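Now for the letters of each chain:
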Amino acid sequence: MHECKTIMTTILKRFLLVSFVTLFSLTVFGSSEFPPQFKKIEKQALKMLKEKKVDDNKLLLIYLLAGRELHDYDFLDQSAEYYQKALDLPVEGSKTEAHLNLVGIALTKNDKV
């Protein structure tokens, strides 16, 4: 249990550090393109989560957090992916945030709701 927490903390710290630096530089330089280095980090993080068999309730929180952060930086497609992953989890936790933000993203993109 303690080992899982340590690994999760390490993953999240690394992801948040790289995310902060990358998103800050994108904000400063005005790019709206999703950074390719994110895909590499994302792939590593998702692989580690799968290998460690993280509880679905914890995954829900991680996916909601990822969706929220990506949404805040206007990476709507990637945000929608994480909100959809949250909705697909077989847990009883609140998924209201995912539902509301997916509707908001659809409206923002002028898609059908």
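Let me sum up the structure you'll find in this document.

What counts, and where the lines are drawn
- Residues numbered from 1 in each chain as written.
- Predicted model: local features only at pLDDT ≥ 70, side-chain atom pairs only at ≥ 80, totals over all residues.
- Heavy atoms only, no water.
- Helix = DSSP H or I, 4+ residues; strand = E, 2+ residues; numbered from the N terminus.
- Buried < 20%, exposed > 50% of the residue type's maximum accessible area, 1.4 Å probe, protein only.
- Contact = heavy atoms within 4.5 Å.
- Areas by Shrake-Rupley, 256 points an atom, 1.4 Å probe, with all protein chains shown as cover.
- Phe/Tyr/Trp six-rings, centres within 6.5 Å; stacked < 30°, edge-to-face > 60°.
- Axes fitted to C-alpha atoms, helices over the stretch in contact; angles between N-to-C directions.
- Parallel < 35°, antiparallel > 145°, perpendicular 65-115°, else oblique.
- Left-handed = near helix turned anticlockwise from the far one by under 90°.
- Salt bridge = Lys/Arg side-chain N within 4 Å of Asp/Glu carboxyl O.
- Polar contact = N/O pair within 3.5 Å; in protein donor to acceptor, adjacent residues only side chain to side chain.

Within the protein chain, the secondary structure is distributed over five helices and zero strands. Written out in order from the N terminus, the α and β elements of the protein chain read α-α-α-α-α. Going through the 113 residues of the protein chain one by one, you find that 35% of them count as buried. The contacts in the protein chain between residues at least 6 apart in sequence include a share of 53% that link residues at least 24 apart. For the protein chain, the exposed area adds up to about 7800 Å²; of that, 59% sits on carbon and sulfur atoms.

One pass over the structure, following the stated rule, counts one aromatic pair. With 5.9 Å between their ring centres and 55 degrees between their planes, Tyr63 and Tyr82 make a pair best called tilted. With Tyr63 in helix 3 (residues 56–72) and Tyr82 in helix 4 (residues 76–88), the pair connects residues that are 19 residues apart, well separated along the chain. Residue class for Tyr82 comes out buried when judged on its relative accessible area of 8%.

At a closest axis distance of 9 Å, the pairing of helix 4 and helix 5 (residues 96–108) adopts a crossing angle of 150 degrees. Here helix 4 lies roughly antiparallel to helix 5, going by the angle between them. In this structure, helix 4 meets helix 5 at a crossing whose hand is left-handed. Where helix 4 approaches helix 5, its residues Leu76, Ser79, Ala80, Tyr83, Gln84, Ala86 and Leu87 are matched on the opposing element by Glu97, Ala98, His99, Asn101, Leu102, Ile105 and Thr108.

This next bit is on the pattern of salt bridges. Summed over the entire model, instances satisfying the criterion amount to three salt bridges. Between Lys39 and Glu42 there is a salt bridge; the shortest N-O distance is 3.2 Å. Placement of both Lys39 and Glu42 in helix 2 (residues 36–51) is noted, with a separation of three residues, approximately one turn of the helix. Residue class for Lys39 comes out partly exposed when judged on its relative accessible area of 36%. The class of Glu42 is buried, set by a relative accessible area of 12%. Between Glu97 and Arg68 there is a salt bridge whose closest N-O contact spans 2.8 Å. Here Glu97, found in helix 5, pairs with Arg68, found in helix 3; they are 29 residues apart in sequence, far enough to count as distant.

This next bit is on the environment of Thr96. Within the secondary structure, Thr96 is located in helix 5. Polar contacts involving the side chain of Thr96 include one to the side chain of Ser94, which spans 3.2 Å.

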